[in-house]
Amino acid sequence: MSQDWITLMQNQSRLAAVLKTNETTEQYGLALTRQNAELILQERGHALREQRRVEFGAGIAEKIIYEFCDSAYIDQNSYVDTIVRLQDIFYLYKNEMHDEITDDELLHLMKEQFEMLCFGDLDYLEGTCLENFAEAVRAGYDGYRDSEGYGEYARFDPVQRWDYDLYLETLKELCWR
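First things first, this report covers the structure right here in the doc. Given the structure is predicted, the values throughout are model-derived calculations rather than measurements.

1. Things to note about the packing of aromatic side chains
Phase 1 of the analysis: A full pass over the atoms with the stated rule returns five aromatic pairs.
Phase 2 of the analysis: Consider the rings of Tyr 73 and Phe 119, whose centres lie 6.3 Å apart with planes at 75°: the pair is edge-to-face. Of this pair, Tyr 73 sits in the loop between helix H4 (61–68) and helix H5 (79–96) while Phe 119 sits in the loop between helix H6 (103–116) and helix H7 (122–138), placing them 46 residues apart in sequence.

So, in structure tokens, the structure goes:
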């Protein structure tokens with residue numbers, strides 16, 4: 001009976017913490033209802049069981065919400081589904097990287113790639129960007145520690161990206177011909 005009481009109190013505390021994020025996210029046009037927050041926490045439980053993880057404390061949901069709330073690729077219609085999917089991806093890659101990377105480093109890496117490379121595509125984030133990075137971490141790469149996860153993916157991106165300055169230079173050459 002006392003175990004049920006403790007679990008109930010923890011769940012209420014987590015629910016309150018997730019709902020409190022509305023104070024910040026409303027400025028970006030994002031808000032969670034009580035039912036949305038309950039769904040996010042329920043899915044958190046599923047993700048933890050699926051990845052065979054145990055989490056103490058508040059959990060990652062609030063950190064994900066705060067990290068991603070200003071994204072150009074999340075609107076109110078996709079908000080809950082995106083947060084749920086980001087939780088799944090987060091726990092998967094904590095395992096894939098053997099917990100070598102801190103929560104904040106992984107979140108920074110995820111957000112940067114989500115915005116600048118994936119343009120909001122969660123499949124590309126999960127299946128390409130984080131997979132490539134996880135492979136490097138498993139092979140011993142630890143340079144992300146100095147950068148806190150910022151600016152790291154370019155070192156492992158197998159796709160040659162275009163250079164804006166080179167583009168402008170080439171455009172000028174073509175226009176002056």
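2. Observations concerning the pattern of salt bridges
Phase 1 of the analysis: In total, this model carries eleven salt bridges according to the counting rule given.
Phase 2 of the analysis: With a shortest N-O distance of 2.9 Å, Asp 103 and Lys 94 are connected by a salt bridge.
Phase 3 of the analysis: Residue Asp 103 is classed as partly exposed on the basis of its relative accessible area, which comes to 27%.
Phase 4 of the analysis: Judged by relative accessible area, which is 6%, Lys 94 ranks as buried.

3. Observations concerning the side chain of Glu 67
Phase 1 of the analysis: Residue placement: Glu 67 occurs in helix H4.
Phase 2 of the analysis: Buried within the structure, Glu 67 lacks any salt-bridge partner; its nearest side chain of opposite charge belongs to Lys 111, at an N-O separation of 5.5 Å.
Phase 3 of the analysis: Ignoring sequence-local partners within four residues, the contact set of Glu 67 consists of Leu 107, His 108 and Lys 111.

4. Brief notes about unusual backbone geometry
Phase 1 of the analysis: If you check the backbone angles, Arg 52 has positive phi at about 55° while not being a glycine.
Phase 2 of the analysis: Inspection of the secondary structure assignment puts Arg 52 in the loop between helix H3 (34–50) and H4.
Phase 3 of the analysis: Positive phi is not limited to glycine here, since Asp 99 has a value of about 55°.
Phase 4 of the analysis: Structurally, the position occupied by Asp 99 is in the loop between H5 and H6.
Phase 5 of the analysis: Classification of Asp 99 as partly exposed rests on a relative accessible area of 42%.

5. Description of the state of the cysteines
Phase 1 of the analysis: Under the defined criterion, the tally for this structure stands at zero disulfides.
Phase 2 of the analysis: With no disulfide of its own, Cys 129 lies 3.6 Å from the sulfur of Cys 118, the closest cysteine sulfur.
Phase 3 of the analysis: Classification of Cys 129 as buried rests on a relative accessible area of 1%.

6. Concerning H7
Phase 1 of the analysis: Of all bends in H7, the biggest is about 35°, found at Leu 130.
Phase 2 of the analysis: Of the positions making up H7, those classed as buried are Leu 122, Leu 125, Cys 129, Leu 130, Phe 133, Ala 134, Ala 136 and Val 137.
Phase 3 of the analysis: Against the buried residues of H7 lie H5, H6 and helix H8 (144–147).
Phase 4 of the analysis: If you check the start of H7, you find a side-chain oxygen 2.9 Å away from the backbone N of Asp 123, and it comes from Asp 121.
Phase 5 of the analysis: One or two steps after H7, the chain reaches Gly 140, where phi turns positive at roughly 115°.

7. Considering the packing of H6 against H7
The angle between the axes and the distance between the axes are what describe a pair of packed helices.
Phase 1 of the analysis: Taken N-terminus to C-terminus, the directions of H6 and H7 make an angle of 125°; their axes are 10 Å apart at the nearest point. On the basis of their axis angle, the class for H6 and H7 is oblique. The hand of the H6/H7 crossing is right-handed. Facing Leu 106, Leu 109, Met 110, Gln 113 and Phe 114 of H6, the residues of H7 in contact are Leu 122, Leu 125, Cys 129, Leu 130 and Phe 133.
Phase 2 of the analysis: Broken down by class, the residue content of the contact of H6 with H7 amounts to nine nonpolar, one polar and no charged.

8. Some words on H3
Phase 1 of the analysis: For H3, which comprises 17 residues, the first-to-last C-alpha distance of 24 Å matches the rise-based estimate of 24 Å (1.5 Å per residue) to within 8%.
Phase 2 of the analysis: Listed in full, the buried residues belonging to H3 are Ala 37, Ile 40, Leu 41, Arg 44, Gly 45, Ala 47 and Leu 48. Projected down its long axis, H3 shows its buried positions confined to an angular sector of 165°, all on one face. Facing away from the buried side of H3, by more than 90 degrees, are the exposed residues Gln 35, Arg 49 and Glu 50.
Phase 3 of the analysis: Phi for Arg 52, located one or two positions after H3, is positive at around 55°.

Basis of the calculations
- Every residue gets a number counted from 1 within its own chain, in the order that chain's sequence is written.
- Reporting of local features is limited, given that this is a predicted model, to residues whose pLDDT is at least 70; pairs of side-chain atoms are given and counted only at 80 or more, and all residues count toward the totals for whole chains, interfaces and linings.
- For side-chain calculations, the full set of non-hydrogen atoms in the structure is used, while hydrogens and water are omitted.
- Here a pair means two rings of Phe, Tyr or Trp (six-membered ring of Trp) with centres within 6.5 Å. Their orientation is stacked below 30 degrees between planes, edge-to-face above 60, and tilted elsewhere.
- Strands here are runs of E lasting at least two residues and helices are runs of H or I lasting at least four, both read from the DSSP assignment and numbered beginning at the N terminus.
- By salt bridge we mean one thing: a side-chain nitrogen of Lys or Arg within 4 Å of a carboxyl oxygen of Asp or Glu.
- Only protein chains enter the accessibility calculation, which uses a 1.4 Å probe. A residue is then buried if its area is under 20% of the maximum for its type, exposed if over 50%, and partly exposed in between.
- Positive residues here are Lys and Arg, negative ones are Asp and Glu, while His and the chain termini are left out of the count.
- In what follows, a contact means two residues having at least one pair of non-hydrogen atoms within 4.5 Å.
- Pairs of cysteine sulfur atoms within 2.5 Å are what we label disulfides.
- For a residue, the bend is simply the angle between two axes, fitted respectively to the seven-residue segment ending there and the seven-residue segment starting there.
- Under this definition, polar contacts are N or O atom pairs within 3.5 Å; protein pairs additionally need one hydrogen-donor-capable and one acceptor-capable atom, and for neighbouring residues in sequence, both atoms have to be side-chain atoms.
- Every angle, taken between N-to-C directions, lies between 0 and 180 degrees, and every axis is a line fitted to C-alpha atoms, over only the stretch in contact when it is a helix.
- Put simply, angles under 35 degrees are roughly parallel, angles over 145 are roughly antiparallel, angles from 65 to 115 are roughly perpendicular, and the rest are oblique.
- When the near helix sits turned anticlockwise from the far one by under a right angle, the crossing is termed left-handed; a clockwise turn instead gives a right-handed crossing.
- Under the scheme applied here, ten amino acids are nonpolar (Ala, Val, Leu, Ile, Met, Phe, Trp, Tyr, Cys and Pro), four are charged (Asp, Glu, Lys and Arg), and all others, including Gly, are polar.
- Expected helix span is taken as 1.5 Å per residue step, with the number of steps being one fewer than the number of residues.
- Taking the helix axis as origin, the arc is that swept by the directions to the C-beta atoms.

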